Amino acid sequence: MSTQHCTLQVELGDRSYPIHIGPGLLARGDLIARHLPQPKAFIVCNDTVAPLYMQTLRNALVQAGVQSEPVILPDGEDHKDWRTLAEIYDALLSRHAERKTALIALGGGVIGDITGFAAATYQRGAPFVQIPTTLLAQVDSSVGGKTAINHPLGKNMIGAFYQPLLVLADTDTLKTLPARELSAGIAEVIKYGLIGDAPFFEWLEHNVERLLAGDADALTYAIEQSCRNKARVVAADEREQGVRAHLNFGHTFGHAIEAGLGFGVWLHGEAVAAGMAIAVRVSRRMGLVDDHLVERTLALLARARLPVLGPGLGAGRYLQLMGHDKKVEAGRTRYVLLRGLGEAFVTADVSQETLHLVLEGEGVDAG
Ligand code: NAD
Ligand code: GLY
């Protein structure tokens, strides 16, 4: 068992919690047990991740004195819906989960988001633990307490802010992650550099191939630096009244891509990558950033094997889908744009002409 791990803290007063990052952490039932109000938990997972990691986690919990029961869901973004949510409630109620019985999410962002929403709502709030097993979930979705399911009309439209008791990111789990999923996670890593951490962006320019190759030191550094950025933003603005919206850079366009193509056709990280590529082009058309930053962004995304063009849905369809974005205020879609590397801001003042030029032209795949 490795003891070499780093611990960061999300500072939220009496709801503050640790993020443990490192190898071998799935075996550290003790790190989980100390946070649970009763020695019982339900582990929510899917049929891809459960055969890989469920038993290791259950054994570790038994060693720490915690009894657990598995809840296995179908895999996929297209199952992040109310039907699958109801499967969790059915399992909890039929197997007599109590209000103080913890729900542990073991999996990627889909499992984390749906389990978190189940925890937020089961008996008005059950204890919740995040054990992310994808890069995307380790750098982003497991931290910060956004929980949700999708609606056919929009991504993550039904949900709640509900913080976990802890996040346990075992970097060894990334060894079984398919290459395409690793790239999808790198999209959210690149996002932190673009919106607020220029030195980290530069580090990524030097190290992205190490991440793709699964280099443990590089991945651990990228996860720690991403979580540091995210924890700082969440502590400053838990409920997205201001700066937290910057974490949605690329997501307004990305969510439109996901909903427009059908959930699961493009991976979330792929849609975010294309969304960020669209957002930097919009920023350039508005005279906010120069060609050099656009070229650097597109080059880094491409090196991470991510798309730099959105699908040609048509500008009208993009605008219609973005009308459901959670940042819409008084009927106006608000966009996260850049005014430089590491300098994100939010504005509704983007002309229809600019959006049409990018979404019908340079920002999308015409073929
Ligand atoms: P995912 O949960 O669908 O996982 C990707 C795939 O990898 C799945 O097939 C999964 O079964 C598999 N998998 C997971 N861990 C594995 C492992 N260790 N080895 C092998 N296979 C493994 O996708 P994701 O990219 O992790 O998460 C995307 C979701 O996260 C989206 O629904 C998105 O909306 C959400 N999200 C939420 C937040 C938030 O703040 N709550 C932030 C970003 C994204
Ligand atoms: N992933 C966006 C957020 O957590 O706010």
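Let me sum up the structure you'll find in this document. (Residues numbered from 1 in each chain as written. Chains lettered and ligands numbered in written order. Predicted model: local features only at pLDDT ≥ 70, side-chain atom pairs only at ≥ 80, totals over all residues. Heavy atoms only, no water.)

Right, let's talk about the site of ligand 2 for a bit. Around ligand 2, the structure places D140, K146, K230, E240, R244 and L247. Here an oxygen atom of ligand 2 sits 2.8 Å away from a polar atom, N or O, in the side chain of K146. One of the side-chain N or O atoms of R244 is found 2.7 Å from an oxygen atom in ligand 2. Against a free-state accessible area of 200 Å², the protein chains account for coverage of 89% of ligand 2. For the shell around ligand 2, the residue count by class is one nonpolar, no polar and five charged. (Near = heavy atom within 4 Å. Polar contact = N/O pair within 3.5 Å; in protein donor to acceptor, adjacent residues only side chain to side chain. Areas by Shrake-Rupley, 256 points an atom, 1.4 Å probe, with all protein chains shown as cover. Nonpolar A, V, L, I, M, F, W, Y, C, P; charged D, E, K, R; others polar.)

Our focus in this paragraph is the pairing of strand β4 (residues 67-73). Side chains on a regular strand alternate between the two faces of the sheet. Where strand β3 (residues 40-46) meets β4, seven bridges bridge the pair, whose relative direction is parallel. Within the sheet, the bridge partner assigned to N46 lies in β4 and is L73. In this fold, β3 hands off to helix α2 (residues 50-63), which returns the chain to β4; that crossover is right-handed. (Pairing = 2+ DSSP bridges. Helix = DSSP H or I, 4+ residues; strand = E, 2+ residues; numbered from the N terminus. Right-handed = clockwise from strand over helix to strand, strands pointing away.)

This part takes up the sheet that holds strand β2 (residues 17-22). With mixed pairing, the seven strands of this open sheet are ordered in space as β1-β2-β9-β6-β5-β3-β4. Edge positions in the open sheet fall to β1 (6-10) and β4, since each of these has one partner strand only. Within this sheet the neighbouring strands show an average axis-to-axis angle of 20 degrees, counted without direction. As paired strands, β1 and β2 are joined by five bridges and run antiparallel to one another. Bridged to V10 within β2 is Y17. Running at roughly 170 degrees to strand β5 (residues 102-107), helix α4 (residues 109-121) makes contact with β3, β4, β5 and β6 (128-132) of the sheet. Across the sheet, helix α8 (residues 216-236) touches β1 and β2, and the angle it forms with β1 is around 15 degrees. (Axes fitted to C-alpha atoms, helices over the stretch in contact; angles between N-to-C directions. Contact = heavy atoms within 4.5 Å.)

It is worth spelling out the environment of P37 at this point. With respect to the element layout, P37 can be found in the loop between α1 (29-33) and β3. Owing to a relative accessible area of 48%, P37 belongs among the partly exposed residues under this scheme. Measuring from C-alpha to C-alpha, the distance between P37 and G76 comes to 31 Å, with 39 residues separating the pair along the chain. (Buried < 20%, exposed > 50% of the residue type's maximum accessible area, 1.4 Å probe, protein only.)

This next bit is on the packing of helix α9 (residues 251-261) against helix α10 (residues 268-285). Two packed helices can be described by the angle between their axes and the distance between those axes. At their nearest, the axes of α9 and α10 sit 7 Å apart, and the two run at 135 degrees to each other. Between α9 and α10, the interaxial angle falls into the category oblique. Taken as a pair, α9 and α10 cross one another with a handedness that is right-handed. Residue-level contacts link H251, F253, G254, H255, I257 and E258 of α9 to H268, A271, V272, A274, G275, I278, A279 and V282 of α10. Grouping the constituent residues of the contact of α9 with α10 by class yields eight nonpolar, five polar and one charged. (Parallel < 35°, antiparallel > 145°, perpendicular 65-115°, else oblique. Left-handed = near helix turned anticlockwise from the far one by under 90°.)

Counting 79 residues, the largest nonpolar core has L135, I190, F249 and F253 as its most contacted members. Per-element accounting of this core gives the leading share, ten residues, to α10. (Core = buried A, V, L, I, M, F, W, Y, C linked by side-chain atoms within 4.5 Å.)

Here the focus is empty space enclosed by the protein. A full pass over the atoms with the stated rule returns one cavity of 30 Å³ or more. Taken together, L73, P74, G76, H79, K80, T84, V110, I111 and I114 make up the full set of residues lining the largest cavity. (1 Å grid on protein atoms, 1.4 Å probe; cavity = no way out; pocket = protein on both sides within 12 Å on 5 of 7 lines; lining within 4 Å. Points joined across faces, edges and corners; volume = space filled by probe spheres on them.)

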